[in-house]
Amino acid sequence: MRRPVPIDPDQLATSLRRLERSGDDPDVLHALGAAVLACVEIFDVAGCGLMVADEHQILRHVVSSDAPGHALEEVEAAHGEGPCTDSFVNNVVTSTQDLASDERWPRTASTIGPLGVRAVLGLPIRLGGVPLGTLDVYRRTPHDWDASEHRALRRYGEVVEIILSSALAAERAGELTQQLQYALEHRVVIERAVGYLMARDQLDAVDAFNHLRRAARARRRKVGDVAQEVLDEHRASGPPTD
Amino acid sequence: MSAGRDADGDRGRPIAGPTIDRPTGLPSRSAAGRLESIVVAAAEVLRVDSVGAMLLDAGGSLRLIGASDALARAMEDTQIELDDGPGIEATRTGRDVAVADLARAGRWRALAERLVPIGGGAVLSSPIRVHDAAVGNLNAIARQPHRWTPGEIRAAGAYARMIGALLEGSARPRTDDPVPETVDLEPARAVHPTLDEEARADRP
């Protein structure tokens, strides 16, 4: 028998109201809310959330099943590090058995640990193969995510992708739709700039990504524009390719 | 500790890997196509052998909306043909129906005679609800007899509720996104009001 699943309906309702006010398709948001709640039941996790990158390539909370799940997303956005950030930047499933003892994301762990977020798994959410955000699940106790859970969660991520694609199909000019469209249009140039910075400055992908984001914030520009400038400068200064 | 960046099958591509010229085009999917894909995905998500789903159509008849494989399709088609089975029961009553051993379930003998020889071992049917009325069902199938656990029943029910939430949007009148016949639910409820009444009467 499973333990009762702690779901915070007020949290979910608040998220959905905020997004509906933003002009997004309420049907899609309603379905996404149902999807994160179903995820909690299906995978017997404590919480589930969905984030989509904004024009600054910061993962923004869209909907989550409970308050700690929402907090995890807010903390990752603030620190620019964590399993969901890695998942989004590297475009691969990223998990931790226990965030509290994981040395990869110390700032996120120290902030979110006291809220009871221990085992976390983040998976990239993609449209047309382009990563636009992440779906994350967490447990309140350490947990070794096994291969069966990975497979099933990846498949569930595809279900969420199908629902998200409805937002674009609906063509409503809401916040979520704009985020999806911007990410679709600019992800490739951002990836190229990140790859260039990794090679030039010997950075890992997340550091290169955060470098771009900081530069964009300092210049009050969008990350996609700054990434294009980086590539243009590289082309202008580099040797002829042929 | 055992944590790490995990292999992601063939879906993903690391950001530092070979780049592509532009994002690949988004697949053009109709609402019915999206729904079918979600039903097909349910087998892997719920970690069962097969999954199929049926919905009431505009005439009040149950129709197949998706099946993960031939067994699931046969399960749905046979129930529709016989107008009987755990999925039909789930839609009529609005309640989960768990069958641990189809071969021994005398209640659905005709269905068992057709399905057991091709691998139908156990069935778990969850009602799909739209605006609180049961309008279809999601059927999870195990190829061997299997006693469905409370957790499995909750998981399948949650998946069915998510499908219902999707349909609630599709069932609203829209001018820019034609609703496929299989999710045109208002006329179906008008034709078969007893389905709604029975479901409500059985609900605690």
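Everything here concerns the structure above.
Remember, it's a predicted structure, so these values are computed and weren't measured experimentally.

J.: Got a minute to help me understand the nonpolar core in this structure?
T.: Here is a general trend for soluble globular proteins: nonpolar side chains tend to be buried in one another's company. If you look at the biggest cluster of nonpolar residues, it comprises 77 residues, and the most contacted ones within it are Leu32(A), Ile42(A), Tyr156(A), Ile163(A) and Tyr159(B). With 11 residues, the top contributor of residues to this core is helix H2 (residues 26-43) of chain A. Counting residues in hydrophobic clusters, the runner-up holds 36 residues, among them Ala46(A), Ala71(A), Phe209(A) and Val230(A).

J.: Explanation requested: the pattern of salt bridges in the structure shown.
T.: Any two side chains of opposite charge can pair, on the condition that their charged atoms come close. Inspection of every chain in the model, using the stated rule, returns 18 salt bridges over all chains. Of the charged contacts, one joins Arg140(A) and Asp66(A) as a salt bridge, the two residues approaching to 4.0 Å between their closest N and O atoms. Of the two residues, Arg140(A) sits in the loop between strand S5 (130-139) and helix H6 (147-170) while Asp66(A) sits in the loop between strand S2 (59-64) and helix H3 (67-79), which places them 74 residues apart along the sequence. One salt bridge connects Asp57(B) with Arg63(B), and the closest N-O pair in it is separated by 3.8 Å. A cluster of three or more residues bridged by salt bridges with shared partners is formed by Arg155(A), Glu158(A) and Glu44(B).

J.: What's the story with the packing of aromatic side chains in this structure? I'm lost.
T.: All chains considered together, the criterion is met by 3 aromatic pairs over all chains. Residues Tyr156(A) and Tyr159(B) carry aromatic rings whose centres are separated by 6.4 Å and whose planes lie at 65° to one another, so their mutual orientation is edge-to-face. Of this pair, Tyr156(A) sits in helix H6 while Tyr159(B) is found in helix H5 (residues 150-170), placing the two residues in two different chains. Across the pair, exposure class does not vary: Tyr156(A) and Tyr159(B) are buried alike.

J.: Would you mind showing me how to read the packing of helix H4 (residues 83-90) of chain A against helix H8 (residues 205-219) of chain A here?
T.: A pair of packed helices is captured by two measures, namely the crossing angle of their axes and the spacing between those axes. Residues and elements named next belong to chain A. Their axes nearest at 9 Å, the elements H4 and H8 cross at an angle of 90°. Relative to H8, the element H4 is oriented roughly perpendicular. Facing Thr85, Asp86, Phe88, Val89 and Asn90 of H4, the residues of H8 in contact are Ala205, Val206 and Phe209.

J.: What exactly am I supposed to notice about helix H1 (residues 31-46) of chain B here?
T.: The α-helix winds at 3.6 residues per turn, so residues separated by three or four positions along the chain end up facing the same way. All names here are of chain B. The end-to-end C-alpha separation of H1 is 22 Å, in line with the 22 Å expected for 16 residues at 1.5 Å each. Of all bends in H1, the biggest is about 25°, found at Val40. Residues of H1 that are buried include every one of Ala31, Arg34, Leu35, Ile38, Val39, Ala41, Ala42, Ala43, Val45 and Leu46, and no others.

J.: How do you make sense of the packing of helix H7 (residues 175-201) of chain A against helix H9 (residues 223-237) of chain A when you look at a structure like this?
T.: Residues and elements named next belong to chain A. Taken N-terminus to C-terminus, the directions of H7 and H9 make an angle of 40°; their axes are 8 Å apart at the nearest point. Classified by the interaxial angle, the pair formed by H7 and H9 is oblique. Pair H7 / H9 crosses with left-handed handedness. Residues Tyr182, His186, Val189, Ile190, Arg192, Ala193, Tyr196 and Leu197 of H7 pack against Val223, Gly224, Asp225, Ala227, Gln228, Val230, Leu231 and His234 of H9. Of the residues belonging to the contact of H7 with H9, the class tally is 10 nonpolar, 4 polar and 2 charged.

Thresholds applied
Residues numbered from 1 in each chain as written. Chains lettered and ligands numbered in written order. Predicted model: local features only at pLDDT ≥ 70, side-chain atom pairs only at ≥ 80, totals over all residues. Heavy atoms only, no water. Core = buried A, V, L, I, M, F, W, Y, C linked by side-chain atoms within 4.5 Å. Buried < 20%, exposed > 50% of the residue type's maximum accessible area, 1.4 Å probe, protein only. Helix = DSSP H or I, 4+ residues; strand = E, 2+ residues; numbered from the N terminus. Salt bridge = Lys/Arg side-chain N within 4 Å of Asp/Glu carboxyl O. Phe/Tyr/Trp six-rings, centres within 6.5 Å; stacked < 30°, edge-to-face > 60°. Axes fitted to C-alpha atoms, helices over the stretch in contact; angles between N-to-C directions. Parallel < 35°, antiparallel > 145°, perpendicular 65-115°, else oblique. Contact = heavy atoms within 4.5 Å. Expected span 1.5 Å × (residues − 1). Bend = angle between axes of the 7 residues up to and from the residue. Left-handed = near helix turned anticlockwise from the far one by under 90°. Nonpolar A, V, L, I, M, F, W, Y, C, P; charged D, E, K, R; others polar.

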